[in-house]
Amino acid sequence: MTFDENTLRSVIEEVLKEMGEVSGTAAAPAAAPVAAAAGKLTITENGEARKGTAADEVVIGLAPAFGTKQVKTIIDLPHDKVLREIIAGIGVEDLVKDDVGAVIGIKAGDDEITAQVVILAEGVNSLLAERCLGAPRPKRSEMAVGIKELFELPARTIEDRFLTPEGEGAAMLFVGDCTHGSVGGGFLYTNKDSISLGLVATIEELSTSGTTIYQAMEDFKHHPAVAPIIRDATMVEHSGHMVSEGGYDMIPEYVYDGCLIAGDAAMLCMNLGYQVRGMDLAVASGQFAAEAACAAIDGGNVSAQALALYRTMLEDSFVIKDMKTFRAWPQTMEHWDRMFTEYPTMVAEVFNAMFVVDGEPQQHLTKRIIPVVKQRGLLRLAKEVRGALKAL
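Reference entry: report on the structure contained in this document. (Residues numbered from 1 in each chain as written. Predicted model: local features only at pLDDT ≥ 70, side-chain atom pairs only at ≥ 80, totals over all residues. Heavy atoms only, no water.)

Let us look at the overall build of the protein. Secondary structure assignment for the protein yields 14 helices and 16 strands. Relative to its full complement of 392 residues, the protein shows a buried share of 35%. In the protein, once contacts between residues fewer than 6 apart in sequence are set aside, the share between residues at least 24 apart is 64%. (Helix = DSSP H or I, 4+ residues; strand = E, 2+ residues; numbered from the N terminus. Buried < 20%, exposed > 50% of the residue type's maximum accessible area, 1.4 Å probe, protein only. Contact = heavy atoms within 4.5 Å.)

Here you go:
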């Protein structure tokens, strides 16, 4: 079955109409476990799930806390709205191409939906880009896995623990023991009435590590620098996400005849250690892709040459300029093992030498600190720090 944009529009309108009827005052049919009421989500348990017989049936799995403790996404989108979009959405399985290889639409099940331009924004695990457009599969050393948990606490308690004025928050970054010495780090930041806590570590490192990411997370929560902060808090959400960390050099081709790639699918992400960026790059790339697509459609030409405006807009913006500026950092961080093992220990020993008073006569500060640094090699330390500063 093939249908055009007008047919798709009528299908969507019909779905929205049916959903609007479900969200009215009348009781939802017994077969519908989810009903919208007053803009909020109501979950009705109807017993054990039964195997379906429809070939196009889609099963949406919900966690036990969905709709009660889990009510919004990490970017504050209400779950009821997200669920409605999923129900009304279309799962794309393939890209449709013409005889010369130009993308002219998408395939969802047995249906083909034509489009003048397809914007591919399927996330970092971009299977369509790899399978249909020939984008290279990222190396394990270029990919990281992140895990995050959300802890609920009263706003006043959070402000007291972080010594912040009312309405303000705080953020912390961790390196070293939090990932058991693997390349990566930890993060903690406050929300209005919750605290987000998480870890990120490269897949390459985790594949050879004796510790899993979830075990590292459990240890991290009990670390003396973290445990008091989340004391008596209720963990209400947890999530995982893959992250591209290869920087500029892993960006694939993102302009094709009839197709553009944006966001995580274009590997637009930077982890600078002290700063992790991805959301701002994704939003900007999505805007540029839409503007370039509209310009190409208005001009009656959606070839790669016409859609190259997207590349020009990205390259003239902070997106590609910033990624080029820091293109050397991923390789620097990947081969700087001591940053995640010896250096955190060295810093702790330096502070102990500075601040511990044990009843013994003290030497001058330099005589206390230099031996600690010398154990790691002054020349090697200077070379590594110089390389890091050059990359940053």
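More follows now that the structure is in view.
The subject of this paragraph is unusual backbone geometry. Its identity is not glycine, yet D232 carries a phi of approximately 65°, on the positive side. Position of D232 among the secondary structure elements: in the loop between α6 (213-221) and β12 (234-244). Judged by relative accessible area, D232 falls into the exposed class, the value being 69%.

We now examine a nonpolar patch on the surface. A cluster of nonpolar side chains, contributed by I43, I60 and L62, occupies part of the molecular surface with about 230 Å² of accessible area. Along the chain, the position of L62 falls in the loop between β3 (40-43) and α2 (79-88). (Patch = residues over 30% accessible without salt bridge, like charges linked within 9 Å, V, L, I, M, F, W, Y side chains within 5 Å. Areas by Shrake-Rupley, 256 points an atom, 1.4 Å probe, with all protein chains shown as cover. Salt bridge = Lys/Arg side-chain N within 4 Å of Asp/Glu carboxyl O.)

The next subject is the packing of aromatic side chains. Throughout the structure, instances matching the rule amount to four aromatic pairs. Here Y254 and Y310 contribute two aromatic rings whose centre-to-centre distance is 5.5 Å and whose plane-to-plane angle is 80°, an arrangement assigned as edge-to-face. Of this pair, Y254 sits in the loop between β12 and β13 (255-256) while Y310 sits in helix α9 (residues 309-315), and the two are 56 residues apart along the sequence. Ring geometry for F351 versus F355: centroids 6.0 Å apart, planes at 10°, classification stacked. Here F351 and its partner F355 are both found in helix α12 (residues 342-355), four residues apart, which amounts to about one turn of the helix. (Phe/Tyr/Trp six-rings, centres within 6.5 Å; stacked < 30°, edge-to-face > 60°.)

The next point concerns the pattern of salt bridges. One pass over the full model with this rule turns up 10 salt bridges. Several salt bridges share partner residues, and in doing so they unite E149, E218 and K221 into one network.

Orientation of helix α7 (residues 279-298) relative to helix α10 (residues 318-325), taken along the N-to-C sense of each, is 140°, at an axis distance of 9 Å. Relative to α10, the element α7 is oriented oblique. Residues D280, L281, A284 and F288 of α7 form the contact with α10, whose own contacting residues are F318, V319 and M323. (Axes fitted to C-alpha atoms, helices over the stretch in contact; angles between N-to-C directions. Parallel < 35°, antiparallel > 145°, perpendicular 65-115°, else oblique.)

L133, Y254, I261, L268, Y310 and V319 are the most contacted members of the largest nonpolar core, which has 55 residues in total. When residues of this core are assigned to their parent elements, the largest contribution, seven residues, is made by α7. Setting aside its immediate chain neighbours within four residues, Y254 contacts C259, L260, I261, Y310, R311, L314, E315 and I320. By size, the runner-up hydrophobic cluster in this structure holds 19 residues, among which are L153, F174, A216 and F220. (Core = buried A, V, L, I, M, F, W, Y, C linked by side-chain atoms within 4.5 Å.)

In this section: the sheet that holds strand β10 (residues 184-190). With antiparallel pairing, the five strands of this open sheet are ordered in space as β9-β10-β11-β8-β12. For this open sheet the edge positions go to β9 (171-174) and β12, each flanked by a neighbour on one side alone. On average, each strand axis in the sheet is inclined to that of its neighbour by 15°, with strand direction left out of account. Across nine bridges, strand β8 (residues 143-152) lies against strand β11 (residues 194-202) in antiparallel orientation. Directly across from V145, in β11, lies its bridge partner A201. The sheet strands contacting α6 are β8, β9, β10 and β11, and the helix crosses β11 at an angle near 135°. (Pairing = 2+ DSSP bridges.)

Looking now at the pairing of β10. Of all seven residues that make up β10, five are buried, and the element is covered over most of its length. When β9 meets β10, the two strands line up antiparallel, connected through four bridges. Looking at β10, one finds that F174 is bridged to G186. Note: β10 against β11, seven bridges, orientation antiparallel. Within β11, the residue paired with T190 across the bridge is I195.

Next up on the list: the sheet that holds strand β7 (residues 118-120). Read across the open sheet, the three strands follow the order β7-β14-β13; overall the sheet is mixed. The open sheet has two edge strands with one neighbour each: β7 and β13. With three bridges connecting them, β7 and strand β14 (residues 259-261) associate as parallel partners. Within the sheet, the bridge partner assigned to V118 lies in β14 and is C259.

Okay, α10 next. Among the residues of α10, those classed as buried are V319, I320 and M323. Viewed along the axis of α10, the buried residues span an arc of 85°, placing them on a single side of the element. If you follow the buried residues of α10, they end up packed against β15 (270-271), α7 and α9. (Arc of directions from axis to C-beta.)

A word on the packing of α12 against helix α13 (residues 365-374). Interaxial distance between α12 and α13 falls to 9 Å at its minimum, and their mutual angle equals 160°. Here α13 runs roughly antiparallel to α12, going by the angle between their axes. Two packed elements cross with a definite hand, and for α12 against α13 that hand is right-handed. Between α12 and α13, the residues in contact are M346, E349, V350, A353 and M354 and L365, R368, I369, V372 and V373, respectively. A class-by-class count of the residues in the contact of α12 with α13 yields eight nonpolar, no polar and two charged. (Left-handed = near helix turned anticlockwise from the far one by under 90°. Nonpolar A, V, L, I, M, F, W, Y, C, P; charged D, E, K, R; others polar.)

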